[in-house]
Amino acid sequence: MGRVVFAGETAIMEDVLQRAQQTRVAPCSAGCPVNTDTRRYVEAIARGDYEAALEVLLDANPFTSVCGRICHHPCEAACRRSKVDAPVGLRALKRFAVENARDYREARRCPVAPTFSERVAVVGSGPAGMAAAHDLAKQGYRVTVFEKADTPGGMLGAAIPRYRLPYEAVKEDLDDIVALGVELRTEVTIGVDLTLEDLRQQGFDAILLSTGLSESHTLNCPGIDSEGIFLAMPFLRAVRMGAPPEVGRRVIVVGGGNVAMDVARSVRRLGVTEVACICLESREEMPASPWEIEEALEEGVQIAPSWGVRTVFAEGGRVRGLELRRCTRVFDEAGRFSPTFDDSDVCTRLADTVILAIGQRADLTCIAGSSVQEERTGRLQYSPATLATSERGVFACGEVARGPGSAVEASVRRMSDLCSHLPVRRGEGRQDGHHARGDVPGLRAVRCRVSRRRRCPAAVRHQPDARGAGRSAQATARRRGAAPARRLLLLPL
Ligand SMILES: Cc1cc2nc3c(=O)[nH]c(=O)nc-3n(C[C@H](O)[C@H](O)[C@H](O)COP(=O)(O)OP(=O)(O)OC[C@H]3O[C@@H](n4cnc5c(N)ncnc54)[C@H](O)[C@@H]3O)c2cc1C
Ligand code: SF4
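Student: How should the overall build of the chain be read in this particular structure?
Tutor: Within the chain one finds 21 helices and 15 strands. Scored against the burial criterion, the 493 residues of the chain give a buried share of 48%. Considering only contacts in the chain between residues 6 or more positions apart, those separated by 24 or more positions represent 71%.

What follows is the structure, encoded as structure tokens:
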């Protein structure tokens, strides 16, 4: 039977195939944001060598358990097998390898002796910050991660529902990183408990901001302050902690993206039978992944596309429903968000709870009192090529810099590639959007192959008597471009 091709998939495929040709890597690897060497791990699984498969996976991505469960798997969209019937189930194979090499994974954990005296503070323990911490620690730097929440992991631990991503999977990946020697300090809010200046005073030579997009946008319409209206992020956090707020019998989720689907499906799991998602986009334009929409529909969530909220109507201060108007267009000719409505086509939907899932924004508390600049988008101004912000020695990565995306995109690490390539001295990075060698998928794939040779078991490399271990770790660090990193990223502020 032919495979369903989702909207936009053909264009993505063409782009990936073009890149694959240019870089001479397999389309599936070119399609993966971290260029996982897909062929090698599939081949290792076929041989029954799950440990080798795990090594290939971890070389590309420290968030391997997480991605085995929730990656949006663009590798599969690029898989050539789709031309025959259906793509190889690469994400499922990844999870299979991870789950079959757990003991080996625990045994291979080992600290990396720091080879440089410079210290890096990473702010935020989501996939972006922790992947960066992983790379910097492996290069021999001393890394401390500051996290405002009591649990590390960013959105992976705080918002993505447990039925899709149990915390054990997040912890497995984080444990690998912490085992390298990364210090993790939770319940410290940078900008409140400590400022960037305090971090410098404490001896950190570089600061990497990876604070994500953790706040929900709200709507600006009459009645929005009524009781019974919630924002998606606090709602999902509460559900994840096992303490959801009380919801009514009829729930409307406003939004058509993946977060809206997660909210709606979480509400269904709370036992609510009438759950509807309303969104501005038409069904074809909805930003949620097609499989998320399908699964939500299968679970009984209603989807009402092409509607916008005009008014919240309330009784005694409590929401009773929404007045909706037809949305005739979401984006203008230039592709900018600019919705238009037909005010003659209106309807009313009753609801005793409304949850707004219309996008996330950054909380930039961390830059309080500093000279780090903000974009008009509300995210941090930074150079995608060098990660440098407008303040010397302060860098940014992940969603707070590059905008909303996926976990694997957030964990794309360019530390060594960027640092070896670009004139980032004392944080004076280029703001010209110039792209680094690290953006070329083929080169990252080559780096993965090189680091594969370093494979633990490193009882030898990480002996407490560290003369030999230190030398070997330093050699390792140099092979991976750590010397340029030291020179470029970590000069004193
Ligand atoms: C509901 C939901 C579902 C998702 N589903 C998927 C999915 O299925 N697949 C997928 O690939 N991606 C998914 N994503 C996206 C994915 O979670 C993000 O792309 C990723 O977490 C972004 O990583 P990040 O490190 O940039 O930021 P975050 O994960 O947001 O991490 C930022 C961290 O910084 C901390 N922080 C913020 N300010 C401070 C401060 N001042 N001081 C100290 N710490 C601070 C925050 O507490 C947080 O822990 C989902 C996201 C959400 C919200
Ligand atoms: S990280 Fe995602 S895109 Fe890359 S190989 Fe794994 S499932 Fe595919």
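Student: Can you help me understand the sheet that holds strand 4 (residues 206–209) in this one?
Tutor: One open sheet accounts for 5 strands, arranged 3-2-1-4-15; its pairing is parallel. What marks the edges here is a single partner per strand, and that holds for strand 3 (183–185) and strand 15 (394–396). Each strand axis lies, on average, 20° off the axis of its neighbour in the sheet, ignoring direction. Bridge count between strand 1 (residues 119–123) and strand 4: 4 bridges; the pairing is parallel. The residue bridging V122 from the neighbouring strand is L208, located in strand 4. Along the sheet, helix 9 (residues 127–138) contacts strand 1, strand 2 (142–146) and strand 4; its crossing angle with strand 2, the most-contacted strand, is approximately 165°.

Student: Before we go on, may I ask you to explain the site of ligand 1 in this structure?
Tutor: In the vicinity of ligand 1 there are 40 residues, among which G124, G126, G154, G212 and G398 approach most closely. Residues that form the shell around ligand 1 fall into these classes: 18 nonpolar, 17 polar and 5 charged.

Student: Would you explain the pairing of strand 10 (residues 307–315) in this entry?
Tutor: Along any regular strand, the residues point their side chains to alternate faces of the sheet. The pairing of strand 10 with strand 11 (residues 318–331) spans 8 bridges and is antiparallel. Across the sheet, the residue bridging to V312 is L322, located in strand 11. In this antiparallel pair of consecutive strands, strand 10 and strand 11, the connection spans 2 residues, and G316 shows a positive phi of 60°.

Student: Is there a simple way to think about the nonpolar core in this case?
Tutor: Grouped burial of nonpolar side chains is what soluble globular proteins tend to show. The biggest cluster of nonpolar side chains holds 125 residues, and the ones touching the most others in it are I207, V253 and V263. Take this core: its biggest share by element is 8 residues, from helix 4 (residues 50–60). Dropping the residues within four chain positions of it, I207 is found in contact with A121, V123, L196, L199, G393, V394 and F395.

Student: Just checking my understanding: could you explain the packing of helix 13 (residues 232–240) against helix 14 (residues 258–269) for this structure?
Tutor: A pair of packed helices is captured by two measures, namely the crossing angle of their axes and the spacing between those axes. Viewed as axis vectors pointing N to C, helix 13 and helix 14 meet at an angle of 45°, and their least axial separation amounts to 11 Å. Relative to helix 14, the element helix 13 is oriented oblique. The two elements helix 13 and helix 14 meet at a crossing, and its hand is left-handed. Residues A232, F235, L236 and V239 of helix 13 form the contact with helix 14, whose participating residues are V259, D262, V263 and S266. Its residues placed into classes, the contact of helix 13 with helix 14 shows 6 nonpolar, 1 polar and 1 charged.

Definitions and cut-offs
Residues numbered from 1 in each chain as written. Chains lettered and ligands numbered in written order. Predicted model: local features only at pLDDT ≥ 70, side-chain atom pairs only at ≥ 80, totals over all residues. Helix = DSSP H or I, 4+ residues; strand = E, 2+ residues; numbered from the N terminus. Buried ≥ 20, exposed ≤ 12 C-beta atoms within 10 Å, placed from the backbone. Contact = placed C-beta atoms within 7 Å. Pairing = 2+ DSSP bridges. Axes fitted to C-alpha atoms, helices over the stretch in contact; angles between N-to-C directions. Near = placed C-beta within 6 Å. Nonpolar A, V, L, I, M, F, W, Y, C, P; charged D, E, K, R; others polar. Core = buried A, V, L, I, M, F, W, Y, C linked by C-beta atoms within 7 Å. Parallel < 35°, antiparallel > 145°, perpendicular 65-115°, else oblique. Left-handed = near helix turned anticlockwise from the far one by under 90°.

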